[in-house]
Amino acid sequence: CEKLVIDTQLSSPKAPVVSQISVGDILDVALQPGAGGVLVVVLHKGQLAGGLASPDLQRLRECMQGGTQYVAKVTAINGAQVKIRISAIGA
């Protein structure tokens, strides 16, 4: 879990929150109960920035439920598209 790194982008980005984000920002990755089970979400200063879409999402969720904490570094912003790199804290 410590070695898991995911390059992806925010899904369903929230425009009011995304407008406050800059390249290089470190965002929080959190678990949130949702309609289809537990969702992995990305937060900026406690506000929902968006969700995640990745083939590695199930693995990430399992690692987080096991206690590994992750952050998302903003690598690029193109309009509403926000690219992020998710990695374990301290990895």
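Preceding this paragraph is the structure being described.
Every chain is numbered on its own, with residues counted from 1 as its sequence reads. A pLDDT threshold of at least 70 governs which residues receive local features in this predicted model, and a stricter bar of 80 or more applies before side-chain atom pairs are shown or counted, although totals over entire chains, interfaces and linings include all residues. To get the side-chain values, all heavy atoms of the structure are used, and hydrogens and water are removed first.

1. Overview of the pattern of salt bridges
The working definition used for a salt bridge is a side-chain nitrogen of Lys or Arg within 4 Å of a carboxyl oxygen of Asp or Glu. Inspection of every chain in the model, using the stated rule, returns one salt bridge. In this structure, Asp7 engages Arg85 in a salt bridge whose closest nitrogen and oxygen atoms are separated by 2.8 Å. Separated by 78 residues along the polypeptide, Asp7 in strand S1 (residues 5-11) and Arg85 in strand S6 (residues 81-88) bring together distant segments of the chain. Classification of Asp7 as exposed rests on a relative accessible area of 51%. To sort residues, take the accessible area from a 1.4 Å probe on protein chains only and compare it with the maximum for the residue type: under 20% means buried, over 50% means exposed, and anything in between is partly exposed. Owing to a relative accessible area of 41%, Arg85 belongs among the partly exposed residues under this scheme. Labels follow the DSSP assignment, with helices taken as runs of H or I lasting at least four residues and strands as runs of E lasting at least two, numbered in each case from the N terminus.

2. With respect to the sheet that holds strand S3 (residues 37-44)
Think of it this way: DSSP has to see at least two bridges between two strands before they count as a pair. Around the barrel, which closes on itself, the six strands sit in the order S1-S4-S3-S2-S5-S6 with antiparallel pairing between neighbours. Going from strand to strand, the sheet's axes swing by 45° on average, the running direction of each strand aside. Of the strand pairs in this sheet, strand S5 (residues 70-78) and S6 are connected by eight bridges, and their pairing is antiparallel. Considered in S6, the bridge of Asn78 is made with Gln81. Pairs of residues are marked as contacts when any of their non-hydrogen atoms sit within 4.5 Å. Inter-axis angles, ranging from 0 to 180 degrees, are taken between N-to-C directions of lines fitted to C-alpha atoms, where helices are fitted over the stretch in contact. Strand contacts of helix H2 (residues 57-65): S1, strand S2 (26-34), S3, strand S4 (47-52), S5 and S6, with the helix running at about 85° to S3, the strand carrying the most contacts.

3. Here we look at the state of the cysteines
Here a disulfide denotes a covalent bond joining the sulfur atom of one cysteine to the sulfur atom of another. For this text, the term disulfide refers to a pair of cysteine sulfurs within 2.5 Å. Following the criterion strictly, the structure yields one disulfide and no others. Between the sulfur of Cys1 and that of Cys63 lies a disulfide, 2.0 Å long from S to S. Disulfide Cys1-Cys63: the torsion about the S-S bond is -80°, which places it as left-handed. Note that Cys1 is positioned in the segment before S1 and Cys63 in helix H2, a separation of 62 residues in sequence. Accessibility expressed as a relative area gives 34% for Cys1, which makes it partly exposed.

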